[in-house]
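Chain residues, written in single-letter form:
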Amino acid sequence: MDSTQDSDEEDGGEKTLQSHETYLCQGLKQLYESQQLCDVTLGVEGRSFPCHRMLLASVSPYFRDIFINSSHESQNGEIQLKDMAASTLHSLLDYLYTEELSLTAETAQDLFTAASKLQILPLKEAAGRFLEMNISMNNCLSLYGLAHQHNHEALTQATSRYIKQHFGPLTEQDAFLSLQHDALTNLISSESLEVSSELIIYQAVRNWVEAAASTRLPLFKELLGHVRFPLLTHEELTDVQADIAEYYRHVRLRWKELDGAGRLQESGGLRKGMYNDYFVCVEVSENRIQGGNGPESFLLCFDPQAEKWEKLPPVKYLSYSGCASLDCKLYLSGGQEDNCAFVDSLYEYNSLTSQWTQLPSMSAARAVHPFLACNKILYALGGCSDAGPLSSAEAFSVAHNAWAPICNLPLALMYPASTVLKSKLYLMGGKATRSYRGLLIYDTNTDWWTEVPMEFACYGAAAISVGPGIYVFGGYTEERSNLLTHGTTATEEVPFCTKGSFYLHENGRVCWDMNIPDLPVALAFACAVQWQGKIYLLAGKDEQQRYSAIYSWAPEDMSWTQCPEEIPATNSDTQIFSCTALKMPQKPIRTLLLETVATSAVVGVDVAKKGHLSPSARDGCTLNCCWGGR
């Protein structure tokens, strides 16, 4: 018998062979710790760190270039590194030799900077990910500048998002005044800034320039070019005039008379923070007006922040229409007129101009149909017409202003719960001749439907996608089981309209382990909307009555909360059929955009500096800021 095998048997089994990589790493670590065979020394802050050329050159293009092409080494083979702490280099070498890395808020930035300078990509990415996970009000500006300086895209995007969300308070920090010019320009030119007024942008620019006027004043013209002056109210414009008159002399403003559309065109659009999210509800009145002089529908809209209701301008009366939105535009498709006739119309409401526009009609009249927006495309799916339930489907391209047919549903379907998740459309349950025991998933990239069976049949539920999955609430179920009602026993009578809910994975499979509290009341045909991490359920009905309440729930909550404000239905026969979230300009901006002829608005900036300007010479400067005359 082989002697090696005898030895293994004596040890009680085969020995685990270590990989070549493991042997190599262990060997390098031993050489580093014992400082054997070191052939180069790195010097920092008077300290010397013996190490190995081969390792440094293999992980760092910076060192590779020095060893091959440069003469940066001293006669004793030492390379001096500047702008780096000895503790930082010690941590960096520990990482290279041992793969061990301990990051803290105090050390991560220094290691990120050192790894960027020495072109050690794995360490740069590890430190960058740590910094991304630890962005705060105290460090976001310095991290943003750091990411810009070292061209780290992921950290730049993460810090940029954070700064845009908190731009107003951050402009008051000293770190804001230290931003580089290009970093500041990238911020103030963005539409994603969450500021309620353009005055905040102007003040930020002026303060940044004032912090180092002798060098930054020549940049004033370019920076003011990113300030959207037409979005300033009359009062704000007066403040800007007074501010400029106080700090600069010989300033003339150029004016132009602009209406709301003109202001938007001149400015390039609103900033993100100038919008509020509203819930727009489409009413259905059972007591329809027959004939008459063109009855109209007023769409109700709810401000969840103020918990107040408003009305949108009226549109031609339609009931059971599909309702969807894209940013500041609302779309109503199909429905029934006051004489119960089915229609194929499509209407668009622009919250910036507060106007309705009729767009090209669908190829088929339909009502009670899912109507979903995904990637700037509107999808009208199934529903019913005067001929009965429909399986046809079509899509409207907002960019091309045209409808096109898409793959038909596998079956005619109306009243399903519907939502969008990751470029896919989901229809849960529904009803045609009978309730549907399954769900349909439409892939917008492949134009293909996938059918997933379910353990129960339901229709009239509400659905909303949150994160990686979908919540489905309430609805009618024809199954006499406890699948959709939590907390019941086998002997209890299960209601036809349920308080229960369930959660779907992306693949359409139900996850019963998800803990979702019972609805406050049994609800069908409620509307689900998401806002700031909460899910809102509006209206709905059961077998006996309609509800005008609004309930909210966050996935970490143990129960639903009823909002103080109820839906202001016009009469007891009115119900809410569909709902969507719509971006609405904040009231001061809305007033500004709705003015028929606006008060004069500043447009364009011309700034020329004559001679050297220091902060102490402010009063004696000759600054020609020609914004035109009035």
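Coordinates for the structure precede this section.
Below you will find a few notes about this structure.

Some thoughts on the overall build of the chain
Here comes step 1: Helix and strand counts for the chain come out as 18 helices and 38 strands.
Here comes step 2: Across the 630 residues in the chain, those meeting the buried criterion constitute 50%.
Here comes step 3: Contacts spanning at least 24 positions in sequence make up 58% of the contacts within the chain whose residues lie at least 6 apart.

Description of the side chain of Glu236
Here comes step 1: Within the secondary structure layout, Glu236 lies in helix H16 (residues 234–247).
Here comes step 2: For the buried Glu236, no salt bridge is present, and the opposite-charge side chain at shortest range is Arg263, 8.3 Å distant.
Here comes step 3: A polar side-chain atom of Glu236 sits 2.4 Å from a polar atom in the side chain of Ser197.
Here comes step 4: Ignoring anything within four residues of it in the chain, the contact list for Glu236 reads Ser197, Leu199 and Leu231.

A short note on the nonpolar core
Here comes step 1: Counting 71 residues, the largest nonpolar core has Leu42, Leu56, Leu81, Leu89, Leu92, Leu93 and Phe167 as the members making the most contacts within it.
Here comes step 2: If sequence neighbours within four positions are ignored, Phe167 has contacts with Phe176, Leu187, Ile188, Leu193, Val195, Ile200, Ile201 and Ala204.

Overview of the packing of aromatic side chains
Here comes step 1: One pass over the structure, following the stated rule, counts 25 aromatic pairs.
Here comes step 2: A ring pair is formed by Tyr202 and Phe229, whose centres lie 6.4 Å apart and whose planes are at 55°; its orientation type is tilted. On the criterion of sequence distance, the pair formed by Tyr202 in helix H13 (residues 198–211) and Phe229 in the loop between helix H15 (220–224) and H16 is long-range, its members being 27 residues apart.
Here comes step 3: Using a relative accessible area of 2% as the deciding quantity, one classes Tyr202 as buried.
Here comes step 4: Taken together through their ring pairs, the aromatic side chains of Phe279, Phe302, Trp309, Trp531 and Tyr536 make up a single cluster.
Here comes step 5: Lying across the ring of Trp208, Arg216 places its NZ or CZ 3.9 Å from the centre.

Some details on helix H5 (residues 86–98)
Here comes step 1: Here H5 spans 18 Å end to end across 13 residues, near enough to the 18 Å set by a 1.5 Å rise per residue.
Here comes step 2: Among the residues of H5, Ala86, Thr88, Leu89, Leu92, Leu93, Tyr95, Leu96, Tyr97 and Thr98 are the ones counted as buried.
Here comes step 3: Once H5 finishes, Glu99 follows within two positions and takes phi at roughly 65°, a positive value.

Points about the packing of H5 against helix H6 (residues 108–118)
Packed helix pairs are specified by the crossing angle of their axes together with the interaxial distance, meaning the distance between the axes.
Here comes step 1: Following both chains from N to C, one finds H5 and H6 inclined at 70°, their axes separated by 10 Å at the closest point. Taken together, the axes of H5 and H6 lie roughly perpendicular to each other. Where H5 crosses over H6, the two elements pack in a sense that is right-handed. The segment H5 lies against H6, with Thr88, Ser91 and Leu92 engaging Asp110, Leu111, Ala114, Ala115 and Leu118.
Here comes step 2: Residues belonging to the contact of H5 with H6 are distributed by class as follows: five nonpolar, two polar and one charged.

Section: unusual backbone geometry
Here comes step 1: In this structure, Gln119 takes a positive phi of about 60° despite not being glycine.
Here comes step 2: Within the fold, Gln119 resides in the loop between H6 and helix H7 (121–132).
Here comes step 3: Its identity is not glycine, yet Asn375 carries a phi of approximately 55°, on the positive side.
Here comes step 4: Topologically, Asn375 is positioned in the loop between strand E15 (371–374) and strand E16 (377–381).

Some remarks on the pairing of strand E14 (residues 355–359)
Here comes step 1: As defined by bridge partners, strand E13 (residues 346–350) adjoins E14 across five bridges and the pair is classed as antiparallel. Pairing of Asn350 across the sheet is with Gln355, part of E14.
Here comes step 2: Where E13 folds back onto E14 in an antiparallel hairpin, the turn is made up of four residues, including Ser354, whose phi is positive at roughly 60°.

Observations regarding the environment of Ile576
Here comes step 1: With respect to the helices, strands and loops of the structure, Ile576 is situated in strand E35 (residues 574–585).
Here comes step 2: On a C-alpha basis, the gap between Ile576 and Cys281 in space is 6.2 Å, while along the polypeptide they are 295 residues apart.
Here comes step 3: Once residues within four sequence positions are removed from consideration, Ile576 is found in contact with Cys281, Val282, Glu283, Leu300, Phe525, Cys527, Ala539 and Ile567.

Quick look at the side chain of Ser465
Here comes step 1: Residue position: Ser465 is located in strand E26 (residues 462–466).
Here comes step 2: A polar contact of 2.7 Å, which involves the side chain of Ser465, links it to the backbone oxygen of Val420.

A word on the sheet that holds strand E21 (residues 417–421)
Here comes step 1: Pairing is antiparallel in the open sheet, where four strands are placed in the order E21-E22-E23-E24. On the outer flanks of this sheet lie E21 and strand E24 (448–453), each paired with one strand and no other. Pairwise comparison of adjacent strand axes, ignoring direction, gives a mean angle of 20° for this sheet.
Here comes step 2: Both strand E22 (residues 424–428) and strand E23 (residues 438–443) contribute to a ladder of five bridges, which runs antiparallel. Its bridge partner lying in E23, Leu427 is registered against Leu440.

As for the sheet that holds strand E20 (residues 402–405)
Here comes step 1: On the basis of which strands lie adjacent, the open sheet formed by four strands has the order E15-E16-E19-E20 and antiparallel pairing. At either end of the open sheet lies a strand with only one pairing partner, and these are E15 and E20. For this sheet, the mean inter-axis angle between neighbouring strands, taken without regard to orientation, is 25°.
Here comes step 2: For E15 and E16, the ladder comprises four bridges, and the chain directions are antiparallel. Bridging across to E16, Ala373 finds its partner in Leu378.

Regarding the pairing of strand E27 (residues 469–473)
Here comes step 1: Across the five residues that make up E27, a large majority, five, are buried.
Here comes step 2: Of the two faces of E27, the one holding Gly469, Tyr471 and Phe473 and the one holding Ile470 and Val472 are both buried throughout.
Here comes step 3: Here E26 pairs with E27 via five bridges, running antiparallel. By the bridge assignment, Ile464 is partnered in E27 with Tyr471.
Here comes step 4: The pairing of E27 with strand E29 (residues 501–504) spans four bridges and is antiparallel. Bridging across to E29, Val472 finds its partner in Phe502.

Remarks on the state of the cysteines
Here comes step 1: Taken as a whole and judged by the stated rule, the model has zero disulfides.
Here comes step 2: Cysteine Cys281 shares no disulfide, and the gap to the nearest cysteine sulfur, in Cys579, comes to 3.8 Å.

Calculation notes
Residues numbered from 1 in each chain as written. Predicted model: local features only at pLDDT ≥ 70, side-chain atom pairs only at ≥ 80, totals over all residues. Heavy atoms only, no water. Helix = DSSP H or I, 4+ residues; strand = E, 2+ residues; numbered from the N terminus. Buried < 20%, exposed > 50% of the residue type's maximum accessible area, 1.4 Å probe, protein only. Contact = heavy atoms within 4.5 Å. Lys, Arg positive; Asp, Glu negative; His and termini not counted. Salt bridge = Lys/Arg side-chain N within 4 Å of Asp/Glu carboxyl O. Polar contact = N/O pair within 3.5 Å; in protein donor to acceptor, adjacent residues only side chain to side chain. Core = buried A, V, L, I, M, F, W, Y, C linked by side-chain atoms within 4.5 Å. Phe/Tyr/Trp six-rings, centres within 6.5 Å; stacked < 30°, edge-to-face > 60°. Lys NZ or Arg CZ within 6 Å of the ring centre and 35° of its normal. Expected span 1.5 Å × (residues − 1). Axes fitted to C-alpha atoms, helices over the stretch in contact; angles between N-to-C directions. Parallel < 35°, antiparallel > 145°, perpendicular 65-115°, else oblique. Left-handed = near helix turned anticlockwise from the far one by under 90°. Nonpolar A, V, L, I, M, F, W, Y, C, P; charged D, E, K, R; others polar. Pairing = 2+ DSSP bridges. Disulfide = S-S within 2.5 Å.

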